[in-house]
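Structural features, examined
In case you want the letters, here they are:
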Amino acid sequence: MATLNQHRVYIPTNARANHYLLAEITPDEAFFNSFSNINCCYKRIARQLFAYCDEYELYNVHLLANDKLPVVRFHDESYQLETDKQMLFFYNPRYHEAHKLHYTPDKKSKKIRLLFLATGDDLRANSALFHNKVQKVLNLLQEQLFLNQPQFKLRDHQHLTYDLFAKHKGNKESYGYKLRSLYPRYQSRHCNIPGDYAEMTYATFTIPVSRAIKTQFQTLMNNNDFDKFYDYFAYAFIRACQNNKLNHGAMVANGATPIVRNSKIDKSESNTELQKLSFDIESKDNQIKYFYEADKLVETLHFVIVATSQDKHEMGYGRFMNQVEKTIHALSDELTINKQRQDLSVRFFQHISYPF
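Summary of the structure given here. Here the residue numbers are simple positions, counted from 1 along each chain's written sequence. At least 70 in pLDDT is required for a residue's local features to be given in this predicted model, at least 80 for side-chain atom pairs to be given and counted, and no such filter applies to totals for whole chains, interfaces and linings, which use all residues. Calculated side-chain values reflect all of the structure's heavy atoms, with hydrogen atoms and water omitted.

1. Focus on the nonpolar core
Applicable threshold: In plain words, nonpolar cores are sets of buried Ala, Val, Leu, Ile, Met, Phe, Trp, Tyr and Cys residues tied together by side-chain atoms within 4.5 Å. In this scheme, a residue with accessible area under 20% of its type's maximum is buried, one over 50% is exposed, and one in between is partly exposed, where area comes from a 1.4 Å probe on protein chains only. Helix and strand definitions here come from DSSP, where helices need a minimum of 4 consecutive H or I residues and strands a minimum of 2 consecutive E residues; each element is numbered from the N-terminal end. Contacts are assigned to residue pairs with any non-hydrogen atoms lying within 4.5 Å of each other.
Counting 51 residues, the largest nonpolar core has Leu49, Leu114, Phe116, Leu138 and Leu141 as the members making the most contacts within it. Looking at which element gives the most residues to this core, the answer is helix α3 (residues 38-55), with nine residues. Every residue in contact with Leu141, bar those within four places of it in the chain, is listed here: Gln48, Leu49, Tyr52, Leu114 and Phe146.

This is the structure:
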């Protein structure tokens, strides 16, 4: 029983689930030239896409032809917001539906992105069915529209988001998750994933640089030089990770949003909005990184902890998440945080991708 319990992580019942699939394709010139203009091209793709989605009961789908990275988050109200580099989608899977085309008129996008957002209840329980429906829509598009074009790259993203301090706010009910790996979970539900898939599993958490934090560390913030302030958090994070046998992670405190990738596919890079973090999950070597600018105080400290192949157990990632929670507590217990009033958001991510 003790062995079983260490492979379960107890997450508050008010945790929020998200599930979405992103299909990317880079059509060749012949494809674009088969239309009278680029706007007609996008509208034709959208018409066929949304018609197939209606057929397979996919109710929240977006076509992106603006070369912006989609970022999906839970929200009680539905928003689609754009920055220079990102397309932000906020929605509640239980209530919100949409079929929308997002593009820059008269401008050819490098990639065509199809974003399928899961809707309804029990997203994790129904994830394989949702994935199957998306595969069927993509098959139809390949047969009817994208003939003789490159394959889609299909990415499946699932997250669970919760407040680490939920109990301190009176939300004492929790559910024990084993957090099984996506591939065996899908296989057991007759959702076929090819053998050449890539998988990433990781957790993130954020610490707002609140007034209380600034007061606590005011001696490390002299003359707009925040080097010592950031060093404190970087070294505390590294120490907490190592004490809990976690060797892959990052602190991002340069104003950018971290995105996590497998080093076999993507290399680390950054722009004004995004910090791409690449990890070799097969390696046991220490891969803890930190990014900050000493003359710039950010509003939020972002932390990432990545599961390696050694953290992947047949029962799931419950043990990994228990180690993550211990790491977060070790870091946050040293801080001036009012647990009854302030959230510490933890997000558990599971990604699987493959050519389709």
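2. Quick notes on the pairing of strand β18 (residues 345-355)
For clarity, the cut-off: Pairing between strands requires that DSSP locate at least two bridges from one strand to the other.
Within β18, nine of the eleven residues are buried, leaving the element largely enclosed by the surrounding structure. Relative to β18, strand β9 (residues 153-163) is paired through eleven bridges, and the arrangement is antiparallel. The residue of β18 that forms the bridge with Tyr162 is Val346. Note that strand β11 (residues 198-208) and β18 share eight bridges and pair antiparallel. Paired with Glu199 across the bridge in β18 is Ile352.

3. Observations regarding the sheet that holds strand β17 (residues 300-306)
Backbone-to-backbone hydrogen bonds pair the strands of a sheet. The strands run either parallel or antiparallel. Just so we agree on the cut-off: In this analysis an axis means a line fitted to C-alpha atoms, helices contributing only their contacting stretch, and an angle means the value between N-to-C directions, from 0 to 180 degrees.
Taken in spatial order, the ten strands line up as β7-β3-β8-β2-β9-β18-β11-β17-β12-β16 in an open sheet, and their pairing is mixed. Strand pairing shows two members of the sheet lacking a second neighbour, β7 (98-103) and β16 (287-292), which therefore form its edges. Averaged over all pairs of adjacent strands, the angle between their axes in this sheet comes to 15°, without regard to strand direction. As judged from the six bridges shared by strand β12 (residues 248-253) and β16, these two strands associate in the parallel manner. When the bridges of β16 are listed, Val252 appears paired with Phe291. Sheet strands in contact with α3 are β3 (60-65), β7 and β8 (112-117), and its direction is about 160° off that of β7.

4. Things to note about the packing of helix α7 (residues 227-243) against helix α8 (residues 318-332)
The condition that has to hold: In this scheme the handedness of a crossing depends on how the near helix is turned from the far one: anticlockwise by less than a right angle means left-handed, clockwise means right-handed.
Between α7 and α8, whose axes approach to 9 Å, the crossing angle comes to 145°. Considering how the two elements wind past one another, α7 and α8 form a crossing that is right-handed. Residues Phe233, Ala236, Phe237, Ala240 and Cys241 of α7 form the contact with α8, whose own contacting residues are Thr327, Ala330 and Leu331.

5. So, the sheet that holds strand β4 (residues 69-74)
As summarised here, the arrangement of the three strands in space is β4-β6-β5, forming an open sheet in which the pairing is mixed. Looking at which strands have only one partner, the edges of the open sheet turn out to be β4 and β5 (79-82). Each strand of the sheet is rotated relative to its neighbour by a mean of 20°, with strand direction disregarded. Bridge count between β5 and strand β6 (residues 86-91): four bridges; the pairing is antiparallel. The residue of β6 that forms the bridge with Leu81 is Leu88.

6. Topic: the side chain of Gln287
Here is the rule we go by: Counted as a polar contact is a pair of N or O atoms within 3.5 Å, where, for protein atoms, one must be capable of donating a hydrogen and the other of accepting one, and residues adjacent in sequence contribute only when both atoms are in side chains.
Within the secondary structure layout, Gln287 lies in strand β16. Looking at Gln287, its side chain comes within polar contact range of the side chain of His248, at 3.0 Å. The residues touching Gln287, leaving out its near neighbours within four places in the chain, are Asn247, His248, Gly249, Phe279 and Asp280.

7. Remarks on unusual backbone geometry
Trans is the prevailing form of peptide bonds, just as negative phi is the prevailing case for residues other than glycine. The phi dihedral of Asp67 is positive, around 55°, even though this residue is not glycine. Structurally, the position occupied by Asp67 is in the loop between β3 and β4. For Asp67, a relative accessible area of 32% translates into the label partly exposed. One non-glycine residue with positive phi stands out, namely Asp122, at about 50°. In this fold, Asp122 is placed in the loop between β8 and α4 (127-144).

8. Points about the packing of α3 against α4
Which entries qualify depends on this criterion: Roughly parallel means an angle under 35 degrees; roughly antiparallel means over 145; roughly perpendicular covers 65 to 115; every other angle is labelled oblique. Three categories are distinguished: nonpolar for Ala, Val, Leu, Ile, Met, Phe, Trp, Tyr, Cys and Pro, charged for Asp, Glu, Lys and Arg, and polar for the others, with Gly belonging to the last.
Where α3 meets α4, the axes come as close as 10 Å, and the angle between the chain directions of the two elements is 140°. Considered as vectors, α3 and α4 are oriented oblique to each other. Relative to α4, α3 is oriented so that their crossing is right-handed. Contacts between α3 and α4 involve Gln48, Leu49, Tyr52, Cys53 and Glu55 from the first element and Val137, Leu140, Leu141 and Gln144 from the second. Taken together, the residues that form the contact of α3 with α4 break down as six nonpolar, two polar and one charged.

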